[in-house]
Amino acid sequence: MGNVRLQGRRILALGQSLALHAKGALAGADLELGSVVDLAELPLRPRDLVLIDADAWEAPDLAAAVKTLSALKSCPPVLLVGESLPTGLVRNLLRLDNSDVLEAPFTEEQLLSAVQGLLAAAGPAAASPQAAGESRCWAVTGAVGGAGATTLAIEIATALAARPTGERVCLIDLNLADGAAAAYLGAQAAMRLADFGQAAERLDAAMLQAFITPISKQLDLLAGVRDPGAFDAVSREAVLRMLEVACECYDWVILDVPRHRRPWTLEALAGCDEVLVISELTVPALLAARAYSDEIEHALGSGLKPRIVLNRLASRMFGPAPSMAEAERALQRKAEAGVSSDWEAAAASANLGGPIAQHRPKSKIVKDVQLLVERLAGAPARNSKAA
Ligand SMILES: Nc1ncnc2c1ncn2[C@@H]1O[C@H](COP(=O)(O)OP(=O)(O)O)[C@@H](O)[C@H]1O
Ligand SMILES: [Mg+2]
């Protein structure tokens, strides 16, 4: 710890009285006074430190501030100062990667030492958003209805969230009118599309959190409340803004994409580094998978080729279902992966509400999805959104 220079360090200070320290402990720093809502802009305007005067805000504002900070993918160091520091708030604050509290009254030396300690632990000055770890976004879409796109999007998101890297995952159900992801997960969709449509221009990390349904520690769901008019009510800009903000807040974004093209579909897919087209093993589905993946590839024109995943592979062939090799012949290309059929596991999990990985962890579906995820996540991202 010790003598980290404050010169030019960007500090966001929440609370008017903190301005007093601009000529004292924080001399030389680039001190900016703000309020709790400014925290939502941190992904776009990174700062080196956030300083909060607990005595300047009401308890709900402080709680909201800590919630916003903990939702950030890369949270700057946070120092909370004040005379009355509520225990619950302090506990949540200390769960952040790099945070500290300082009880008032304190001397300028004590403040400087706490700030320097946090900056020293944080390392070099805050990077620009581009330089921060890029999020990765995969789209999952069905070649035909019922192919298993929603099921596999859920299992893929769950598998990513279970990785020991501790990365945060957001599953977004883009079947805005009648998405099934929330029901499959036994969760409540939280996004009222009418409210969302109106908020779209102002949508930021904090607002996104209001629409999120937490599924597990590392997995959040973004899904709309059932609404037959949703596709007309929500503009292209709103959907794209939502995806942009989600990519700023999470390490992984998994999209369950409806197969009928919407005004935002191609741009959403263009921002993804993988597009997975899910097919089942019937000839009509395979033909649709081939046509659909060609359509996407040509429309994007970026060289991004969708990968075809064959779902519900039977371990033994009953009747005239095509084998994987026959399927690939119909597709005129190699399939990326196959996922075994396990009706019992899929139905039981949907009925109980939750991923198959939770209710039937030994199912072959879970193992097959894990292999797929490890292979794709291990490969470098094919498309950089920073470009
Ligand atoms: N690998 C699988 N084995 C058995 N059943 C599956 C499998 N994948 C999906 N299902 C079942 O198929 C049905 C349709 O799946 P769903 O994910 O809703 O498809 P989509 O989103 O493509 O319309 C659901 O009942 C689901 O439980
Ligand atoms: Mg679906």
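Conventions and cut-offs
- Residues numbered from 1 in each chain as written.
- Chains lettered and ligands numbered in written order.
- Predicted model: local features only at pLDDT ≥ 70, side-chain atom pairs only at ≥ 80, totals over all residues.
- Helix = DSSP H or I, 4+ residues; strand = E, 2+ residues; numbered from the N terminus.
- Buried ≥ 20, exposed ≤ 12 C-beta atoms within 10 Å, placed from the backbone.
- Contact = placed C-beta atoms within 7 Å.
- Expected span 1.5 Å × (residues − 1).
- Arc of directions from axis to C-beta.
- Axes fitted to C-alpha atoms, helices over the stretch in contact; angles between N-to-C directions.
- Parallel < 35°, antiparallel > 145°, perpendicular 65-115°, else oblique.
- Left-handed = near helix turned anticlockwise from the far one by under 90°.
- Nonpolar A, V, L, I, M, F, W, Y, C, P; charged D, E, K, R; others polar.
- Pairing = 2+ DSSP bridges.
- Near = placed C-beta within 6 Å.
- Core = buried A, V, L, I, M, F, W, Y, C linked by C-beta atoms within 7 Å.
- Domains from an automatic or database assignment.

Attention now goes to the overall build of the chain. Scanning the chain from terminus to terminus reveals 15 helices and 13 strands. Its C-alpha atoms put the chain at 80 × 40 × 40 Å along the principal axes. The buried share among the 387 residues of the chain stands at 43%. Partitioning the intrachain contacts of the chain with sequence separation of at least 6 by distance along the chain shows that 74% fall at a separation of at least 24.

With 18 residues, helix H11 (residues 283–300) extends 26 Å between its outermost C-alpha atoms, agreeing within 8% with the 26 Å of an ideal straight helix rising 1.5 Å per residue. Listed in full, the buried residues belonging to H11 are Ala285, Leu286, Ala288, Ala289, Tyr292, Ser293 and Ile296. Buried residues of H11 fall within an arc of 160° about the axis and therefore sit on the same side. Away from the buried face of H11 by more than 90 degrees, exposed residues Pro284, Ala291 and His298 are located.

A few words on the packing of H11 against helix H12 (residues 324–331). Closest axis-to-axis distance for the H11/H12 pair is 9 Å, and the angle between their directions is 45°. Between H11 and H12, the angle is such that the two are oblique. In this structure, H11 meets H12 at a crossing whose hand is right-handed. Across the interface between the two elements, Val283, Leu286, Leu287, Ala289 and Arg290 from H11 touch Ala327, Ala330 and Leu331 from H12. Of the residues belonging to the contact of H11 with H12, the class tally is 7 nonpolar, no polar and 1 charged.

Okay, the pairing of strand S6 (residues 136–142) next. Of all 7 residues in S6, 7 are buried; the element is thus mostly enclosed. Going residue by residue along S6, you find Arg136, Trp138, Val140 and Gly142 tucked away on one face and Cys137, Ala139 and Thr141 tucked away on the opposite face as well. Examined bridge by bridge, S6 and strand S10 (residues 252–257) share 6 bridges and lie parallel to one another. Residue pairing in the sheet places tryptophan 138 in a bridge with isoleucine 254 of S10.

What follows is about the site of ligand 1. Ligand 1 sits among 20 residues. The nearest are Gly142, Gly148, Thr150, Thr151 and Ala346. Residue assignment for the shell around ligand 1 shows that the elements contributing at least two residues are helix H4 (149–161), strand S12 (307–313) and helix H13 (343–352). At 4 residues, the largest contribution of residues to the shell around ligand 1 is made by H13. Its residues assigned to classes, the shell around ligand 1 shows 10 nonpolar, 8 polar and 2 charged.

All right, on to the nonpolar core then. Judged by nonpolar contacts, the single largest core of 123 residues is most densely connected at Val140, Ile156, Leu171, Ala246, Ile254 and Leu255. Ranked by residue count, the leading element in this core is H4, at 9 residues. Both domains that furnish three or more residues to this core are identified here as domain 1 (10–122) and domain 2 (136–378). Here valine 140 is in contact with Ala149, Leu152, Ala153, Ile156, Ile254, Leu255, Asp256, Val257, Leu276 and Ile278, once residues within four sequence places are set aside.

Under the domain assignment, the chain is made up of domain 1 (10–122) and domain 2 (136–378). A separation of 38 Å is found between the C-alpha centroids of domain 1 and domain 2. Contact residues are listed per partner, giving 10 residues for domain 1 and 9 residues for domain 2. Each residue belonging to the side of domain 1 that touches domain 2 can be placed in one class, and the counts come to 6 nonpolar, 1 polar and 3 charged.

Read across the open sheet, the 5 strands follow the order S2-S1-S3-S4-S5; overall the sheet is parallel. Both edges of this open sheet fall to strand S2 (30–34) and strand S5 (99–103), since each of them pairs with a single strand only. Neighbour to neighbour, the strand axes of the sheet diverge by 20° on average, direction disregarded. The pairing of strand S1 (residues 10–14) with strand S3 (residues 49–53) spans 4 bridges and is parallel. Following the sheet pairing, isoleucine 11 is matched in S3 by leucine 49. Set on the sheet, helix H2 (residues 87–94) makes contact with strand S4 (78–82) and S5; between it and S5 the angle comes to about 145°.

Mapped onto the secondary structure, valine 277 falls in strand S11 (residues 274–280). In the structure, valine 277 is positioned 29 residues away from proline 306 in sequence and 6.4 Å away in space, judged by C-alpha atoms. For valine 277, the contacting residues outside a window of four places in its chain are Thr141, Ala143, Ala289, Tyr292, Ser293, Pro306 and Ile308.

Attention shifts here to unusual backbone geometry. A cis amide bond links alanine 104 to the next residue, proline 105, at an omega of -5°. On the secondary structure map, proline 105 appears in the loop between S5 and helix H3 (108–122). Look at arginine 312: it is not a glycine, yet its phi comes out positive at around 65°. Positive phi, normally seen in glycine, also occurs at glutamine 332, with a value near 55°. You can see glutamine 332 is positioned in the loop between H12 and strand S13 (337–340).

What follows deals with the sheet that holds S6. Taken in spatial order, the 8 strands make up an open sheet running S8-S9-S7-S10-S6-S11-S12-S13, and their pairing is mixed. Each edge of the open sheet carries a strand with a single partner, namely strand S8 (212–214) and S13. Adjacent strand axes in the sheet meet at a mean angle of 25° when their direction is disregarded. Bridging between strand S7 (residues 169–173) and strand S9 (residues 219–222) involves 4 bridges; their strand directions are parallel. Looking across to S9, one finds that cysteine 170 is bridged to aspartate 220. Set on the sheet, H11 makes contact with S11 and S12; between it and S11 the angle comes to about 165°.

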